[in-house]
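# Summary of structural features
Chain by chain, the residues run as shown.
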Amino acid sequence: MSRASKVTFGAACAFTASCIAGVYYMKEVEFQTRRVGIERDDERRAKKRENQAELERQEALRRELEKEQRVVAGSGEGTVAAGSVHNQPNTTKALIS
């Protein structure tokens, strides 16, 4: 074999080996990228479940508090039933006068 054919054969083998190594490297990079995406999706789903549980807890608390308070429909922004702090007579005006 001539020197040129040996160099060409060696270059072709080196190029083939580098292509194979590059393909395996890219495969690994893509796998890691997908894995990060899956982990991020799992975190997002977990956060969504936490938020949903918190929303349900807050709604239950709101319903419980609404049961405890009796709101009377009236004029203005809404008045609260008798015995509430909001319907107490304003004594500060009497004290100032």
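Being a predicted model, the structure only gives us computed values, none of them experimental.

## Focus on the overall build of the protein
A tally of regular secondary structure across the protein gives two helices and two strands. Secondary structure elements of the protein, listed N to C terminal, follow the sequence α-β-β-α. Residues counted as buried form 3% of the 97 residues belonging to the protein. Surface summary for the protein: the accessible area is close to 9100 Å², and the carbon and sulfur share equals 59%.

## Looking at the pattern of salt bridges
Enumeration according to the criterion identifies five salt bridges in this entry. Here Arg35 and Glu39 are joined by a salt bridge, their closest N and O atoms 3.6 Å apart. You can see Arg35 and its partner Glu39 sitting in helix H1 (residues 3-68), four residues apart, about one turn around the helix. The exposure class of Glu39 is partly exposed, given its relative accessible area of 37%. Its salt-bridge partner being Glu66, residue Arg62 comes within 3.2 Å of it at the nearest N-O pair. Residue Arg62 and its partner Glu66 are located together in helix H1, separated by four residues, close to a single helical turn. With a relative accessible area of 47%, Glu66 lands in the partly exposed category.

## Looking at a nonpolar patch on the surface
Taken together, the side chains of Tyr25, Met26 and Val29 define a hydrophobic patch exposed on the protein surface, amounting to about 300 Å² of accessible area. Position of Met26 among the secondary structure elements: in helix H1.

## Some remarks on the environment of Ser18
Secondary-structure assignment places Ser18 in helix H1. A relative accessible area of 43% means that Ser18 is categorised as partly exposed. Separated by 2.8 Å, the side chain of Ser18 and the backbone oxygen of Phe15 make a polar contact.

Parameters at a glance
- Along each chain, the written sequence defines residue order, and numbers are assigned to residues from 1.
- Note on the predicted model: pLDDT of at least 70 is required for a residue's local features to be given, and 80 or more for side-chain atom pairs to be given and counted; whole-chain, interface and lining totals, by contrast, use all residues.
- Here the side-chain values reflect all heavy atoms present in the structure, with hydrogen atoms and water set aside.
- The numbering of helices and of strands both runs from the N terminus, where a helix is a DSSP run of H or I of at least 4 residues and a strand a run of E of at least 2.
- Remark: exposure states derive from per-residue accessible area (1.4 Å probe, protein chains only) relative to the maximum for the residue type, with buried under 20%, exposed over 50%, and partly exposed in between.
- In this description, accessible areas are obtained by the Shrake-Rupley approach with a 1.4 Å probe, and a residue is regarded as covered only by the protein chains that are shown.
- Salt bridges are defined as contacts in which a side-chain nitrogen from Lys or Arg sits within 4 Å of a carboxyl oxygen from Asp or Glu.
- Patch building starts from residues that exceed 30% relative accessible area and form no salt bridge, then joins like charges within 9 Å and nonpolar side chains (Val, Leu, Ile, Met, Phe, Trp, Tyr) within 5 Å.
- A 3.5 Å cut-off defines polar contacts: any pair of N or O atoms within that distance qualifies, except that in protein one atom must be a possible hydrogen donor and the other a possible acceptor, and neighbouring residues in sequence count only when both atoms are side-chain atoms.

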